[in-house]
Amino acid sequence: MNFATQNIYHIYNRGNNKQIIFFKRDNYIYFLNKIRRYILPNCEILAYCLMPNHFHLLVYVDERLDINFENPLITNNKLSEGIRLLLSSYTKGINVQEQRIGNLFQQKTKARCVTENNSQNYSEECFHYIHQNPIKANLVDKMEDWEFSSFQDYSGLRNGNLCNQALAFKLLEVKKENFYNDSYNVRLPLELNIY
């Protein structure tokens, strides 16, 4: 995956053949811990949502991307390598838990640069789209009822620290005082309906 500094990326992948990737609550927590270990050291996380068969991350790539690996044999950037380690280590754990073998995720994780889109509000729309996923999938009636997204943090219902909220409000031009209402009222473009 190619990343450029000072850009916002929507990173997403789903289960191979659209299969479930989170089998129980502990799996979601395990995946979030892997995000902290492999992704957070390499970028700023602006939003996330983990769904039963896929996940979404909205990240801001900063100067950490340009720091070279200590291992000259690795040619990917640190964020790409972090994504690879996140998915492979999570898959190993799930394969043991579920007594299965093989790929858990589709082969190519997508990383769409949302700051290069022509639409002025595309980054903000993507931010809201990520949080709206559980409603669109009919998993909950309200976004705040889905435990495995950053919506609860942004709406003040949980004191999570995975996302850099101050940076998200600044970069996405989302108003903190309007966040909750905007989350329910922003109409999303059809091209954002990914999964």
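Attention in this report is confined to the structure presented alongside it. (Residues numbered from 1 in each chain as written. Predicted model: local features only at pLDDT ≥ 70, side-chain atom pairs only at ≥ 80, totals over all residues. Heavy atoms only, no water.)

**Focus: the pairing of strand S3 (residues 54-61)**
Rules: Summary of the burial criterion: residues with accessible area below 20% of their type's maximum are buried, those above 50% are exposed, and those between are partly exposed, where the area comes from a 1.4 Å probe applied to protein chains only. Put simply, DSSP marks the helices as runs of H or I at least four residues long and the strands as runs of E at least two long, and each gets a number from the N terminus on. Two strands are counted as paired when DSSP detects at least two bridges linking them.
Along S3, eight of the eight residues are buried, which leaves the element largely enclosed by surrounding structure. Covered by surrounding structure in S3 are His 54, His 56, Leu 58 and Tyr 60 together with Phe 55, Leu 57, Val 59 and Val 61, the residues of both alternating faces. Note that strand S1 (residues 7-14) and S3 share eight bridges and pair antiparallel. What sits directly across from Asn 13, in S3, is Phe 55. Adjacent in sequence and paired antiparallel, strand S2 (residues 44-51) and S3 are bridged by two residues.

**Things to note about the pattern of salt bridges**
Keep this limit in mind: By salt bridge we mean one thing: a side-chain nitrogen of Lys or Arg within 4 Å of a carboxyl oxygen of Asp or Glu.
Tallied over the entire structure, the rule returns five salt bridges. The partner of Glu 81 in a salt bridge is Arg 84, and the shortest N-O contact between them spans 2.6 Å. Placement of the pair is Glu 81 and Arg 84 together in helix H2 (residues 78-98), with a separation of three residues, close to one helical turn. Residues participating in the shared-partner salt-bridge network are Glu 44, Asp 62 and Arg 64.

**Regarding the packing of aromatic side chains**
Where we set the bar: Two aromatic rings, drawn from Phe, Tyr or Trp (for Trp, its six-membered ring), form a pair once their centres lie within 6.5 Å of each other, and the interplanar angle then sorts them: stacked below 30 degrees, edge-to-face above 60, tilted otherwise.
Counted under the stated rule, the structure contains 21 aromatic pairs. Ring centres of Phe 127 and Tyr 154 lie 5.1 Å apart, and the angle between their planes is 90 degrees; this geometry places the pair in the edge-to-face category. Remark: Tyr 154 occurs in helix H4 (residues 151-154) and Phe 127 occurs in helix H3 (residues 122-136); sequence separation between them is 27 residues. Phe 127 sits in the buried class, given a relative accessible area of 0%. The exposure class assigned to Tyr 154 is buried, which follows from its relative accessible area of 4%. Here Phe 151 and Tyr 180 contribute two aromatic rings whose centre-to-centre distance is 5.9 Å and whose plane-to-plane angle is 50 degrees, an arrangement assigned as tilted. Taken together, the residues span a long stretch of sequence, with Phe 151 in helix H4 and Tyr 180 in helix H6 (residues 179-185) at a distance of 29 residues. Owing to a relative accessible area of 35%, Tyr 180 belongs among the partly exposed residues under this scheme.

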